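# Analysis of the macromolecular model
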Amino acid sequence: MALTDLFGRKHDYLRISVTDRCNLRCLYCMGPEGVKQIPQDQILTYEEILEVVRAGAALGISGVRLTGGEPLVRRGLSHLVRRISRIPGIEEVTMTTNGILLPNSAGPLKEAGLRRVNISIDSLKPAVYRRITRGGKLNRALAGVKAALEKGLKPVKVNIVLMKGINHREVPAFLKLAQEQELHLRFIEYMPIGARRDRHQKYYLPLAYVQKVAARMGLPLTPAPPVAGAGPAENFSLPGGKGTIGLIHPISRHFCGSCNRLRLIAEGYLKCCLYWQEERSVRPALGDSVLMQKLLQEVVRQKPEKHLMSAPCSSASLSPQAMRGMSRIGG
Ligand code: SAM
Ligand code: SF4
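Keep in mind that what you see is a predicted model, and the values were worked out from it rather than measured. (Residues numbered from 1 in each chain as written. Chains lettered and ligands numbered in written order. Predicted model: local features only at pLDDT ≥ 70, side-chain atom pairs only at ≥ 80, totals over all residues. Heavy atoms only, no water.)

## Some points on the overall build of the protein chain
In terms of helices and strands, the protein chain carries 10 helices and 12 strands. Computed over its C-alpha atoms, the radius of gyration of the protein chain comes to 19 Å, within 12% of the 20 Å expected for a compact globule of 331 residues. Projected onto its principal axes, the C-alpha coordinates of the protein chain cover approximately 55 × 45 × 40 Å. Across the protein chain, the fraction of contacts at a sequence separation of at least 24, relative to all contacts at a separation of at least 6, is 74%. (Helix = DSSP H or I, 4+ residues; strand = E, 2+ residues; numbered from the N terminus. Rg over C-alpha atoms; globule rule 2.2 N^0.38 Å. Contact = heavy atoms within 4.5 Å.)

What follows is the structure, given as structure tokens:
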């Protein structure tokens with residue numbers, strides 16, 4: 001029995017936020033003080049997460065992405081990766097991380113069955129990276145990329161949230177990086193989500209800007225076949241490039257028509273859409289696999305045709321659930 005919504009979209013991908021904690025404070029994601037942390041006893045245990053994944057796998061979920069907060073700050077993550085990868089029906093486990101803790105964990109994660117990583121690096125200049133992440137060290141994130149490549153967590157994707165006046169002048173440097181290295185760089189539009197939605201108007205820049213800069217540099221972006229697990233990204237190749245480019249425009253171009261994803265957040269709520277108020281707790285279904293499958297099906301049926309994000313941001317009528325920050329939802 002597949003997880004098909006009212007608009008005929010099949011769901012085979014589950015994003016799991018394993019923690020709301022983070023070792024950085026990115027300015028598009030949270031305030032300088034961080035976020036109010038969920039008490040530890042309200043965060044799903046690994047056993048509980050596994051129950052949800054088993055029920056999902058029985059209904060056709062084949063891909064799982066671990067995210068956060070920063071997933072690598074949660075202890076014993078390799079153990080979770082190993083157990084998820086062994087669930088019948090699960091074909092790949094991947095992760096989105098800021099990369100800071102990857103140098104020590106890439107090997108054990110690969111060995112546990114992790115396939116690939118997406119690493120968020122929004123600037124190639126140490127001072128700008130420090131400003132965006134509020135104190136992060138670029139060389140540590142780059143060491144994370146190196147470790148991921150060395151351990152074969154490929155293709156390594158680098159996520160870049162494009163922000164006017166912060167990193168938009170670095171588009172040429174990022175395009176050069178994709179020419180020179182075997183990396184898939186994904187530019188993402190700034191989304192008006194959570195506590196940082198107030199900054200949206202100031203920083204938002206449509207991704208048509210990246211295409212314009214590439215054309216100006218004599219590096220026209222040519223549509224290319226999807227990269228493994230590309231999700232909503234449009235993919236492009238560069239002349240003579242070892243790497244590729246992805247553009248993710250949730251705002252300027254809706255990507256909802258092909259959405260195949262469900263989200264499970266750390267405190268145990270299932271979300272059918274990144275920006276939608278309906279959420280359902282998995283707790284009442286824990287210990288009962290039939291009920292858990294039923295719950296997953298109900299959540300999929302509640303999915304809207306499109307998310308409600310727009311530019312400029314119009315969030316006044318949304319509930320606090322729809323306004324959870326990215327560090328709670330997991331991107
Ligand atoms: N800590 C990990 C990381 O930074 O990759 C995983 C969690 S983070 C919430 C997941 C993704 O969401 C990151 O790629 C991050 O850049 C993106 N993100 C966070 N806030 C965003 C926003 N307001 N607009 C667009 N992307 C955002
Ligand atoms: Fe942490 Fe990721 Fe949010 Fe940055 S984007 S503050 S690394 S959760």
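## Some details on the site of ligand 2
In the vicinity of ligand 2, the residues found are C22, L24, R25, C26, Y28, C29, M30, G69 and N98. Residues of the shell around ligand 2, tallied by class, amount to six nonpolar, two polar and one charged. (Near = heavy atom within 4 Å. Nonpolar A, V, L, I, M, F, W, Y, C, P; charged D, E, K, R; others polar.)

## A few points about the pattern of salt bridges
Taken as a whole and judged by the stated rule, the model has 13 salt bridges. Notably, a salt bridge pairs R115 with E92, separated by 3.3 Å at the nearest N-O pair. Residue R115 is located in strand β4 (residues 114–120), and its partner E92 is located in strand β3 (residues 92–97); the two are separated by 23 residues in the primary sequence. For E279, the salt bridge goes to K271, with nearest N and O atoms at 3.0 Å. Classification of E279 as buried rests on a relative accessible area of 13%. Given a relative accessible area of 0%, K271 falls into the buried group. Three or more residues joined by partner-sharing salt bridges are found here, namely E92, R115 and R116. (Salt bridge = Lys/Arg side-chain N within 4 Å of Asp/Glu carboxyl O. Buried < 20%, exposed > 50% of the residue type's maximum accessible area, 1.4 Å probe, protein only.)

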